[in-house]
Amino acid sequence: MRTLRFLLQKEFRQIFRDPSIIRIIFMMPSIQLLILPWAADYEVKNIQLSVVDHDHSQYSRQLVNKVTASGYFRLQDYSGSYTNALQQVEHDKSDLVLEIPANFEKKLISENESTLFMAINAINGVKANLGGAYLQTIIQDYNREVRLKWVQLPRFSPELQVEVTSSNWFNPSMNYKYFMVPGILVVLVTMVGSFLASLNIVREKEIGTIEQINVTPVKKYHFILGKLIPFWILGLLILTIGLTIARVAYGIMPLGSFGVIYTFAAVYLLAVLGLGLLLSTYTSNQQQAMLLSFFLMMVFILLSGLYTSIDSMPAWAKVITKFNPVTYFIDVMRMVVLKGSGLKDIGTHIFTLLGFAAVLNTWAVINYKKRS
Amino acid sequence: MSTNNIAIHAESLTKRFGDFTAVDAISFEVKKGEIFGFLGANGAGKTTAMRMLCGLSIPTSGTASVAGFDVYKQTEQIKRNIGYMSQKFSLYEDLTVRENIRFYAGIYGKTDAFIKEKTAFLLQELHLEAEANKLVRSLPLGWKQKLAFSVAIFHEPEIVFLDEPTGGVDPVTRREFWNMIYKAAESGITIFVTTHYMDEAEYCTRVSIMVDGRIDALDTPMQLKKTFGVSSMDEVFLKLARQAKRSGD
């Protein structure tokens, strides 16, 4: 116990004496949480639109007005030639081309139907998909307005129409920040828990002090606990800073209890610290540890459901997400923050993470022993 | 320990890495209070042998005891009774002089009273009172090495292992360093030291010279010079080291 006290004292002194660690602990969460949620947004705005109007009628102008008034589109250019518009797409100035054929108005009035043509720049897949969908919705809306004006509505519509209305549960205003902020916070906690810890241990290897510790009566578990406890505390500290920023800057107040979040985070940190320890046993200098960390972090973020839905991933990728601790924490954060889930609801998550913690730490300790 | 005044006893101690024999069946004894010089060219196997004696590395075969404890089964007891100063500088640069002393003394289980009293004494002896609360990083190399040695014997071990303690240190500081070693030896601590400086070898009670993993010579510096018919340890070393087939690292 006394040995551990000396180790912890030393560790905390070193951590709080290192300006780069202080920066990471306080600046990183602040900056990431204050900037990223504004940029990392799923909504597509500022779609550059080229309109090719062969009709130049009142109706075509009304349509264009309606599209631009939606706020999602910016009229990049308005011309009479399709080739011209396509050139805009080629130069990446336009994302979408809407072609209004000649006699659009005439046909609409006389034949009750008319065709529009849409060309989409699919280099940016997300933008193209959503942009196309938005435009279609707006045109449909426009279509309905025209009908209302022109067609004498019979008592019962001759065509059957199914209309869908939706309400967004748990995040009624579809505020993406509610969705992103908890996720980014999870990534931060993960980085501190696993990578800062592994870098710290590898640093001792690099300097040679670990060898000095190995010839003292300090037991392996003392040394490991002496490393894990400080970073466990740091992880929870970052979580606290992050939740405060979420509250102050974005007004995000978890529907569920903080107790549930902290309980899960405490277990989660055991797992990622185990991972950090494991990384440190496989690397011999800080560069190696850094590169390995970068690689893992990319995989963790992209296969965690933070940016893209896990449900839409291919089966093999889904399997990987099951082995990614970040997936579980993001899930829990969203459940607790948005849905108000309690301990019971996240029970399986907690047990899964306990399993992760047991496996990773055991593996790390076995591997650590071999080395010395 | 039943008999005696033997601090280290090694019998056919061997370490193999794959099919490379780093240490090849070395046998020797170090008496208590001796300053035992452990010489050899780079790659001769000195550090590997030392690591086995310190309980950092498990021998492939042979037996050895350090401070009366077995290197296979009693590494924990060995660690409690030895001090070690490695080739690499082993203090924490981002801790102060005082914090380093306190940390290492603490993990050897020394009491606060003991630490406090001895720290004051040590700082005075090293003339480091003014630097006590400065980061070790800011000290000159010579001071660091002297401090590292003092920290290695702070917990009053039976034996202290020094792995090239004076590498890169100026001659004046080297002399001061050896004065400290003598003082420690007088207080009863057995010194086991590796070095590349042959003038330092002359200071040792007895000297062993390793070539290609084996101990080729072991005696007092005086006797070694006589045996090889030369006037300095330098020549003794050259005569032996030239036979080496292994290249240095």
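Residues numbered from 1 in each chain as written. Chains lettered and ligands numbered in written order. Predicted model: local features only at pLDDT ≥ 70, side-chain atom pairs only at ≥ 80, totals over all residues.

Chain A has the name ABC transporter permease in an unreviewed UniProt entry, where Niastella yeongjuensis is given as its organism. According to the UniProt record, the Subcellular location (unreviewed entry) comment for chain A is "Cell membrane". According to UniProt, the comment filed for chain A under the heading Sequence similarities (unreviewed entry) is "Belongs to the ABC-2 integral membrane protein family." (UniProt positions renumbered as here; feature names shortened; annotations may be inferred.)

Turning next to the overall build of chain B. Counting its secondary structure elements, chain B contains nine helices and 10 strands. Computed over C-alpha atoms, the radius of gyration of chain B comes to 18 Å, within 12% of the 18 Å expected from 2.2 N^0.38 for 249 residues, which places it in the range of a compact globule. For chain B, the spread of C-alpha atoms along the three principal axes comes to 50 × 40 × 35 Å. With 249 residues in all, chain B has 43% of them scored as buried. By sequence separation, contacts in chain B at least 24 residues apart represent 69% of the contacts at least 6 residues apart. (Helix = DSSP H or I, 4+ residues; strand = E, 2+ residues; numbered from the N terminus. Rg over C-alpha atoms; globule rule 2.2 N^0.38 Å. Buried ≥ 20, exposed ≤ 12 C-beta atoms within 10 Å, placed from the backbone. Contact = placed C-beta atoms within 7 Å.)

With that out of the way, let us pick up the interface of chain B and chain A. Across the contact, 20 residues belong to chain B and 19 residues belong to chain A. Breaking the side of chain B that touches chain A down by element, the ones donating at least two residues are α2 (75-81), β6 (82-85) and α3 (97-107) of chain B. Per-element accounting of the side of chain B that touches chain A gives the leading share, four residues, to α3 of chain B. Residues that form the side of chain B that touches chain A fall into these classes: 10 nonpolar, four polar and six charged. (Nonpolar A, V, L, I, M, F, W, Y, C, P; charged D, E, K, R; others polar.)

All names here are of chain A. Summarising burial for strand β3 (residues 96-100): four of the five residues are buried, a large majority. Examined bridge by bridge, strand β1 (residues 47-53) and β3 share five bridges and lie parallel to one another. Bridge pairing links V52 to E99 in β3. Examined bridge by bridge, β3 and strand β4 (residues 117-120) share four bridges and lie antiparallel to one another. Bridge assignment links L98 to a residue of β4, and that residue is M118. (Pairing = 2+ DSSP bridges.)

Turning our attention to helix α2 (residues 19-39) of chain A. All names here are of chain A. The end-to-end C-alpha distance of α2 is 28 Å, a good match for the 30 Å that 21 residues give at a rise of 1.5 Å each. Of all the bends found along α2, the most pronounced is centred on M27 and spans about 35°, while P29, a proline, follows it within four residues. Along α2, the residues classified as buried are I25, P29, L33 and P37. Packing partners of the buried residues in α2 comprise α7 (176-207) and α9 (220-250). (Expected span 1.5 Å × (residues − 1). Bend = angle between axes of the 7 residues up to and from the residue.)

A separate point is the domain arrangement of chain A. Bring the parts together and some accessible area is lost; that lost area is often taken as the interface size. What the domain assignment reports for chain A is domain 1 (2-40 + 173-371) and domain 2 (47-150). Centre-to-centre separation of domain 1 of chain A and domain 2 of chain A, based on C-alpha positions: 48 Å. (Domains from an automatic or database assignment.)

So, on to the UniProt feature "transmembrane region" (unreviewed entry) in chain A. All names here are of chain A. Taken from the UniProt record, the annotation "transmembrane region" (unreviewed entry) applies to residues 21-40, 178-202, 229-253, 259-279, 291-310 and 346-366. Helix makes up 88% of residues 229-253 and strand 0%, and the two end C-alpha atoms of the span are 28 Å apart. Segment residues 346-366 splits into 95% helix and 0% strand. End C-alpha atoms: 30 Å apart.

Here we come to the nonpolar core. If you look at the biggest cluster of nonpolar residues, it comprises 74 residues, and the most contacted ones within it are L53, V160, F161, I191 and F192 of chain B. For this core, the element with the highest residue contribution is α3 of chain B, accounting for six residues. Among the nonpolar cores identified, the runner-up in size contains 61 residues, and L185, V186, L228 and L306 of chain A belong to it. (Core = buried A, V, L, I, M, F, W, Y, C linked by C-beta atoms within 7 Å.)

Residues and elements named next belong to chain A. Between α7 and helix α13 (residues 325-339), whose axes approach to 9 Å, the crossing angle comes to 140°. One element, α7, and the other, α13, form an angle in the oblique class. Here the hand of the crossing between α7 and α13 comes out right-handed. Where α7 abuts α13, its residues Y178, F179, P182, G183, L185, V186, V187 and T190 lie against V326, F329, I330, M333, R334, V337 and L338. Looking at side-chain class alone, the contact of α7 with α13 contains 12 nonpolar, two polar and one charged residues. (Axes fitted to C-alpha atoms, helices over the stretch in contact; angles between N-to-C directions. Parallel < 35°, antiparallel > 145°, perpendicular 65-115°, else oblique. Left-handed = near helix turned anticlockwise from the far one by under 90°.)

A few words now on the sheet that holds strand β7 (residues 159-163) of chain B. Residues and elements named next belong to chain B. If you trace the six strands from one edge of the open sheet to the other, you get β6-β7-β8-β3-β9-β10, paired in mixed fashion. Edge positions in the sheet fall to β6 and β10 (214-219), since each of these pairs with one other strand and no more. Each adjacent strand pair in this sheet contributes to an overall mean axis angle of 15°, direction not counted. Pairing between strand β3 (residues 35-40) and strand β8 (residues 190-194): four bridges, direction parallel. Bridging across to β8, F36 finds its partner in F192. Helix-sheet contacts for helix α8 (residues 221-228) involve β9 (206-211) and β10, and the interaxial angle to β10 is about 110°. Against the sheet, helix α9 (residues 233-241) touches β3, β9 and β10, its axis set at about 25° to β9.

Put simply, chain B has an average pLDDT of 89, and 98% of its residues get 70 or more. Confidence estimates for the predicted assembly give a pTM of 0.79 and an ipTM of 0.85. (pLDDT = per-residue confidence, 0-100.)

Moving on, we get to the pairing of strand β1 (residues 6-17) of chain B. All names here are of chain B. As paired elements, β1 and strand β2 (residues 20-31) share eight bridges and run antiparallel to each other. Following the sheet pairing, K15 is matched in β2 by V23. Linkage of β1 to β2, two consecutive antiparallel strands, is achieved through a turn of two residues, within which G18 is found at a positive phi near 65°. Here β1 runs beside strand β4 (residues 61-66); their pairing, made up of five bridges, is antiparallel. Among the inter-strand pairings, T14 is bridged to a residue of β4, identified as S61.

Another point: the sheet that holds β3 of chain A. Residue and element names in this part refer to chain A. With respect to topology, four strands assemble into an open sheet ordered β2-β1-β3-β4, the strand pairing being mixed. The strands lining the two open edges of the sheet, one partner per strand, are β2 (73-79) and β4. Strand-to-strand twist in this sheet, taken as the mean axis angle between neighbours without regard to direction, amounts to 20°. When β1 meets β2, the two strands line up parallel, connected through six bridges. In the strand pairing of β2, S50 is matched with D77.

Attention now moves to the environment of Q76 of chain A. All names here are of chain A. Inspection of the secondary structure assignment puts Q76 in strand β2. The class for Q76 is partly exposed, based on 18 C-beta atoms found within 10 Å. For the pair Q76 and K93, spaced 17 residues apart in sequence, the C-alpha to C-alpha distance is 7.5 Å. When sequence neighbours within four positions are dropped, the list of residues in contact with Q76 reads Q48, L49, S50, Q88, K93 and S94.

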